[in-house]
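A look at the structure
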Amino acid sequence: MHLRLVALPLAETNDVAAPPRHSMVAPRGASLGAYPFAETCLVVAFAATDDLSTAQAGGRVPLAAMPDISGDDAYLVLPLRARAGLVAAFARGQEGKVAQWFDEAVVVRAELDGGRAPRLWVGAAWGAREVLDAHDGARVSLDGLGDAVRVINRLEYVEALAPGGLFDRRGVEAVTERPSYVGVARMGIDELGLGADAVEPTYVWSARDGDATRVRVALCASEDDSMTALLAPVTLFR
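Small disclaimer: the values here were computed from a predicted structure and weren't measured.

It is worth spelling out helix 6 (residues 169-176) at this point. Within the sequence span of helix 6, burial applies to G171, V172, A174, V175 and T176. Residues of helix 6 that are buried make contact with helix 4 (148-153), strand 8 (180-184), strand 9 (202-209), strand 10 (212-221) and strand 11 (227-237). Two or three places before R170, at the opening of helix 6, D168 has a side-chain oxygen 3.2 Å from that residue's backbone nitrogen.

When pLDDT is averaged along the protein chain, the result is 83; 79% of the residues meet or exceed 70. Averaged pLDDT values for the elements of the protein chain fall to 42 in strand 1 (residues 25-26) and rise to 98 in strand 4 (residues 74-78). In this model, residues 1-32 is a region of pLDDT below 50 whose contacts with residues beyond four sequence positions or in other chains number 60 contacts.

Turning our eyes to something else, we now look at the nonpolar core. Counting residues in hydrophobic clusters, the biggest one holds 33 residues, and the most contacted among them are L76, L78, L86, F90, F102 and L231. Sort the elements by how many residues they give to this core and helix 2 (residues 95-104) lands first, with four residues. Excluding its chain neighbours within four sequence positions, the residues that come into contact with F90 are V98, F102, V182, G183, Y203, V204, W205, V217 and L219.

Here we come to the packing of aromatic side chains. Scanning all chains against the criterion turns up six aromatic pairs. Taking the centre distance of 5.3 Å and the plane angle of 85° together, the rings of Y35 and W126 count as edge-to-face. Linking Y35 in the loop between strand 1 and strand 2 (42-46) with W126 in strand 6 (residues 119-127), this pair joins segments that are 91 residues apart in sequence. W126 matches Y35 in its accessibility class, with the two residues each being buried. Ring pairs connect the aromatic residues F90, F102, Y203 and W205, which therefore count as one cluster. The positively charged end of R139 is found above the aromatic ring belonging to F237, 4.6 Å away from the centroid. For the cation-ring pair, R216 lies above W205, with the distance from its terminal atom to the ring centre recorded as 4.8 Å.

Under the definition given, this model contains zero disulfides. C220 provides the cysteine sulfur closest to C41, a residue in no disulfide bond, and the two sulfurs are 8.6 Å apart.

Before going further, it helps to examine the pairing of strand 10. By the criterion of burial, strand 10 is predominantly enclosed, with ten of the ten residues buried. Looking at chain direction, strand 9 and strand 10 are connected through eight bridges and run antiparallel. Looking across to strand 10, one finds that R208 is bridged to T213. Linking strand 9 to strand 10, which pair antiparallel, is a turn of two residues; within it G210 sits at a positive phi near 65°.

Rules used in this analysis
- Residues numbered from 1 in each chain as written.
- Predicted model: local features only at pLDDT ≥ 70, side-chain atom pairs only at ≥ 80, totals over all residues.
- Heavy atoms only, no water.
- Buried < 20%, exposed > 50% of the residue type's maximum accessible area, 1.4 Å probe, protein only.
- Helix = DSSP H or I, 4+ residues; strand = E, 2+ residues; numbered from the N terminus.
- Contact = heavy atoms within 4.5 Å.
- Polar contact = N/O pair within 3.5 Å; in protein donor to acceptor, adjacent residues only side chain to side chain.
- pLDDT = per-residue confidence, 0-100.
- Core = buried A, V, L, I, M, F, W, Y, C linked by side-chain atoms within 4.5 Å.
- Phe/Tyr/Trp six-rings, centres within 6.5 Å; stacked < 30°, edge-to-face > 60°.
- Lys NZ or Arg CZ within 6 Å of the ring centre and 35° of its normal.
- Disulfide = S-S within 2.5 Å.
- Pairing = 2+ DSSP bridges.

Next up, the structure:
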């Protein structure tokens with residue numbers, strides 16, 4: 001297989017037009033610096049080791065298994081020990097484990113080599129923790145006109161992650177009523193009479209600071225065990 005290394009991305013600036021006066025989505029910072037994946041679904045991949053030191057520009061990362069191919073060459077790479085327990089940790093609210101794994105996780109722009117021993121050829125890399133600390137995502141008012149849950153779920157990148165919606169009302173209540181939350185974000189689809197067992201699972205890790213609740217990670221796990229994630233996709237405020 002012929003491989004090519006991805007060039008380092010150029011610094012990007014996204015200018016966001018001011019929303020209408022009564023919009024539920026508040027304006028975000030205009031500059032995203034050199035990080036290009038602020039509104040991109042990341043394919044989750046697990047390294048073949050717990051050592052992610054090779055996840056840097058010009059390096060290659062051996063993988064534990066072949067992940068889905070990212071059309072954006074955007075991957076969230078976690079250490080091997082997270083592979084068996086990532087979804088379970090989100091589902092059981094094990095914030096300590098989730099926080100530790102994301103302290104070590106790396107976002108990479110990379111080419112996927114799907115041979116016998118799958119690996120990523122890294123063009124650029126960012127620490128997941130630094131991304132989480134630097135971005136707030138879309139700011140959505142819970143007290144604005146209209147339905148805040150619908151506004152969140154209709155964000156283009158949220159729809160790309162979870163076509164059925166990231167949140168329902170109970171999920172929003174769960175994240176806004178606690179100082180921090182790790183768990184299910186969409187409990188079901190009430191209007192269709194569907195419970196949690198009938199919808200594709202979505203999970204979040206969030207933290208509340210005063211009247212603002214930052215969703216740090218949004219994770220969608222499909223039935224075939226493929227996973228995608230958004231880092232810092234949205235902040236809810238009153």
